[in-house]
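For reference, the chains in residue letters:
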Amino acid sequence: MWFRRDLRTVDNAALSHALRHHNITHCVFVFDENILRHLPRDDRRLDFIHSSLQELDATLRQHGGGLYVLRGDPMQLIPELAASLGCDAVYCNRDYEPYARERDNKVAALLQKQGCELRSFKDQVIFEQDEILTAQGRPYTVFTPYMRAWRKRFTPALAQAHPTPLQNALPLPPSSQGLPPLDALGFTAAPTQTLKVKSGRTGGEALLLDFAHRIHAYKASRDFPAIKGVSYLSAHLRFGTISVREAVSLAIGEQSEGAESWLNELIWREFYQQLLWHFPHVAEYSFKAEYRQLSFPGEDRWFDAWCQGNTGYPIVDAAMRQLNQSGFMHNRLRMIAASFLVKDLLLDWRRGEAYFAAKLMDFDLAANNGGWQWAASTGCDAQPYFRIFNPVSQSEKFDPEGKFIRRYVPELAALDNRAIHAPWQAKSLPAGFVLGRDYPQPIVDHAVQRELALTLFGKKQQGPA
Ligand SMILES: Cc1cc2nc3c(=O)[nH]c(=O)nc-3n(C[C@H](O)[C@H](O)[C@H](O)COP(=O)(O)OP(=O)(O)OC[C@H]3O[C@@H](n4cnc5c(N)ncnc54)[C@H](O)[C@@H]3O)c2cc1C
């Protein structure tokens, strides 16, 4: 059983099949060098993965098993390990990202040569690949009809857990002393313990339980970053410490507006997964062909200010500092920060996408790319290009008392609830506070940039004159 983005023993499709069809199941995880060589050695996601693996290993050990943990190229390591253990099959759960598809095809071909089969299963979504298509047999490119079709096809049986009888023979890796520490694997722990989301299966279970008490209020509270209104489960869904079936079961097990709305978000997740599957080119360029040649005139120093949370727009800066400090950003803020990068700073959405990919604990290619292309108006079913978020009114609406801003931009803590959203417009500022010294002046003028963005995107919309 080859674990990848499914770091749990509970309700795991591939593990269930392996355990039920074989007398002996070995378990393995590979720190994939093809991915890791692009990341810093202290990437905080490695902490999350490592401690989740420790827990997974401990659970397997309770049942007489254990986890092989390797580092290198899985295209070499998996066939080698399968050969050395004399396996007749390798089980895994399907991953729909372009690199993963290529990797799995190669591993399958290599295994086949040695008389072994790669058996892959649907696990991280309720519906995959071609399971939900339009009446014409084409993939959906608009969310609402996709969501309706998803709900129509869904039956509670699809959210039932896959049984995983762990007592069915899980031999220990030979000479295994338990999971090697991060540094023995060539990494270092993240410099500060900024990880707010507790990792591992127990972390995921605790969050799910906590959210179960709040799900009824999700719809009303989900847009306010200062309130504990969302589930914070994204990293767990990303690494599979919680299964999508557990999440969907929570949503359908309760009759409330909040639960309905939360289920919709889980369907957005699947909408983007199927888009990436059908249109893998979105990972490289705009879904909409008319925006592929767009040339973005924004300045590099604006990009640096955005990354550091020093744009002079408090809500954008608070959002970026939350990301830098914790690896998380609230969904409303992701939309505001992304819109600001593209429509105010006139920078290529792919630069923002890459920055989020490097920093987010929950980074997921399909969701991140989908979110960025939505905000940049380049994606399918995206925000229309002429609807441009005003960062000040968004801030007034979704952080009315400036609580979130004060948390992440403490230099603005003394500003009153009106001034905190746009200090440069304030009639008076606290004694001793100097704008431009204690906090940056806005690096661009929203009204001016908005017009420029409309012209930039509008020209493309009309096509060449
Ligand atoms: C620019 C941008 C980039 C994003 N990048 C990512 C990313 O890399 N990884 C990621 O998981 N989500 C991403 N999202 C979607 C969303 O912001 C996060 O899933 C959400 O903020 C995570 O918090 P939560 O778990 O409390 O979400 P909740 O509101 O509790 O939602 C529950 C779950 O539904 C899924 N979900 C919610 N909203 C979306 C959405 N719009 N698209 C896809 N799935 C969704 C997530 O798995 C989430 O955990 C992005 C959104 C935008 C606008």
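Residues numbered from 1 in each chain as written. Predicted model: local features only at pLDDT ≥ 70, side-chain atom pairs only at ≥ 80, totals over all residues. Heavy atoms only, no water.

Student: Kindly report on the packing of aromatic side chains, identifying the contributing residues and their values.
Tutor: Here the structure, examined in full by the defined rule, presents 32 aromatic pairs. A ring pair is formed by Phe279 and Phe287, whose centres lie 5.2 Å apart and whose planes are at 85 degrees; its orientation type is edge-to-face. With a relative accessible area of 18%, Phe279 lands in the buried category. Here the aromatic rings of Trp306 and Trp372 are separated by 6.0 Å at their centres, their planes lie at 70 degrees, and the arrangement is edge-to-face. Taken as a pair, Trp306 in helix α12 (residues 300–308) and Trp372 in helix α16 (residues 365–375) lie far apart in primary sequence, 66 residues in all. (Phe/Tyr/Trp six-rings, centres within 6.5 Å; stacked < 30°, edge-to-face > 60°. Buried < 20%, exposed > 50% of the residue type's maximum accessible area, 1.4 Å probe, protein only. Helix = DSSP H or I, 4+ residues; strand = E, 2+ residues; numbered from the N terminus.)

Student: Could you give an account of helix α1 (residues 13–21), with specific residues and numbers?
Tutor: Inspection of α1 places Ala13, Ala14, Leu15, Ser16, Ala18 and Leu19 among the buried residues, and these make up the whole buried set. Of the surrounding secondary structure, the elements contacted by the buried residues of α1 are β1 (2–3), β2 (27–32), β4 (89–93), β5 (117–121) and α10 (244–252). Measuring from the backbone nitrogen of Ala14 back to the side-chain oxygen at the start of α1 gives 3.3 Å, which picks out Asn12 as the cap. (Contact = heavy atoms within 4.5 Å. Polar contact = N/O pair within 3.5 Å; in protein donor to acceptor, adjacent residues only side chain to side chain.)

Student: Requested: an account of unusual backbone geometry, with residues and values cited.
Tutor: Positive phi, normally seen in glycine, also occurs at Gln129, with a value near 45 degrees. Relative to the helices and strands, Gln129 resides in the loop between β5 and α6 (143–153). Overall, Gln129 belongs to the partly exposed group, its relative accessible area being 21%. One non-glycine residue, Asp381, adopts positive backbone phi at about 50 degrees. The topology assignment puts Asp381 in the loop between α16 and α17 (391–398).

Student: I'd love a proper account of the domain arrangement of the chain, names of residues and values included.
Tutor: Interface size, as often reported, equals the accessible area lost upon joining of the parts. Under the domain assignment, the chain is made up of domain 1 (2–123), domain 2 (124–160 + 202–278) and domain 3 (289–462). Listed as interface residues are 21 residues of domain 2 and, on the opposing side, 24 residues of domain 3. Across the domain 2 to domain 3 interface the summed buried area is about 1,800 Å²; carbon plus sulfur atoms make up 64%. When the buried area of domain 2 at its contact with domain 3 is split by residue, Asp223, Pro225 and Tyr272 rank highest and sum to 33% of it. For the pair domain 2 and domain 3, the interface holds one salt bridge. The residue Arg332 makes a salt bridge to Asp223 at a minimum N-O spacing of 3.1 Å. In this assembly, domain 2 and domain 3 are joined by seven residue pairs in polar contact (both at pLDDT 80 or more). Of all elements in the fold, only α6, α9 (234–239) and α11 (257–278) reach the threshold of two or more residues within the side of domain 2 that touches domain 3. The dominant element in the side of domain 2 that touches domain 3, judged by the number of residues it contributes, is α11, at six residues. Within the side of domain 2 that touches domain 3, the residues separate by chemical class into 14 nonpolar, four polar and three charged. (Domains from an automatic or database assignment. Buried area = accessible area lost by both parts, 1.4 Å probe. Salt bridge = Lys/Arg side-chain N within 4 Å of Asp/Glu carboxyl O. Nonpolar A, V, L, I, M, F, W, Y, C, P; charged D, E, K, R; others polar.)

Student: An account of the pattern of salt bridges is requested, with residue identities and associated values reported.
Tutor: Across all of its chains, the model carries 30 salt bridges by this definition. A salt bridge links Glu131 to Lys122; the shortest N-O distance between them is 3.0 Å. Judged by relative accessible area, which is 27%, Glu131 ranks as partly exposed. You can call Lys122 partly exposed: its relative accessible area is 22%.

Student: Explain the site of the ligand residue by residue, including any values.
Tutor: Close to the ligand lie 27 residues, the nearest being Tyr218, Ser231, Tyr232, Asn331 and Asp362. Backbone polar atom of Ser234 to an oxygen atom of the ligand: 2.9 Å apart, as the coordinates give it. Protein coverage of the free-state accessible area of the ligand, which is 810 Å², stands at 96%. Contributions of two or more residues to the shell around the ligand are made by α9, α11, α14 (331–344) and α16. (Near = heavy atom within 4 Å. Areas by Shrake-Rupley, 256 points an atom, 1.4 Å probe, with all protein chains shown as cover.)

Student: Account for the environment of Thr311, naming residues and giving values.
Tutor: Mapped onto the secondary structure, Thr311 falls in the loop between α12 and α13 (314–326). Remark: the alpha-carbon pair of Thr311 and Leu36, spanning 275 residues in sequence, is separated by 31 Å.

Student: Any details on α6? Residues and values, ideally.
Tutor: Along α6, the residues that are buried comprise Phe143, Tyr146, Met147, Ala149 and Trp150. Here the buried residues of α6 occupy an arc of 165 degrees about the axis, which is enough to place them on one side. Of the exposed residues in α6, the ones pointing more than 90 degrees away from its buried face are Arg148 and Lys152. (Arc of directions from axis to C-beta.)

Student: Summarise the sheet that holds strand β3 (residues 67–72); cite the residues concerned and give the values.
Tutor: The strand order across the open sheet formed by three strands is β1-β2-β3, and the pairing between neighbours is parallel. Of all the strands in the sheet, just β1 and β3 have a single pairing partner and so form its edges. (Pairing = 2+ DSSP bridges.)

Student: Describe the nonpolar core, listing the residues and the values that go with them.
Tutor: If you look at the biggest cluster of nonpolar residues, it comprises 128 residues, and the most contacted ones within it are Phe31, Trp262 and Trp306. Contacts of Phe31, omitting those with residues within four sequence positions, involve Leu36, Leu46, Ile49, Leu53, Val69, Leu70, Arg71, Gly72, Leu185 and Phe187. Ranked by size, the runner-up nonpolar core spans 15 residues in total, among them Trp2, Met75, Val90 and Leu111. (Core = buried A, V, L, I, M, F, W, Y, C linked by side-chain atoms within 4.5 Å.)

Student: For the state of the cysteines, give the residues involved together with the corresponding values.
Tutor: This model, assessed by the stated rule, comprises zero disulfides. In this model Cys87 remains outside any disulfide bridge; the closest cysteine sulfur is found in Cys116, 6.1 Å from its own. Residue classification places Cys87 among the partly exposed residues on the basis of a relative accessible area of 25%. Free of any disulfide, Cys92 has its nearest cysteine sulfur in Cys116, 11 Å distant. (Disulfide = S-S within 2.5 Å.)

Student: Run through the side chain of Glu353, naming residues and quoting values.
Tutor: The residue Glu353 is located in helix α15 (residues 349–359) in this model. Although Glu353 lies buried, it forms no salt bridge, and the closest oppositely charged side chain, Arg350, sits 6.3 Å away as judged by the N-O distance. The contact partners of Glu353, leaving out residues within four places of it in the chain, are Leu365, Asn368, Asn369 and Trp372. (Lys, Arg positive; Asp, Glu negative; His and termini not counted.)

Student: Before we move on, could you go through the environment of Asp364 and cite the residues and values that matter?
Tutor: If you trace the backbone, Asp364 turns up in the loop between α15 and α16. Assessed through its relative accessible area of 10%, Asp364 is described here as buried. Sequence-distant contacts of Asp364, defined by excluding residues within four places in its chain, comprise Arg5, Glu97, Arg238, Gln273 and Asn369.

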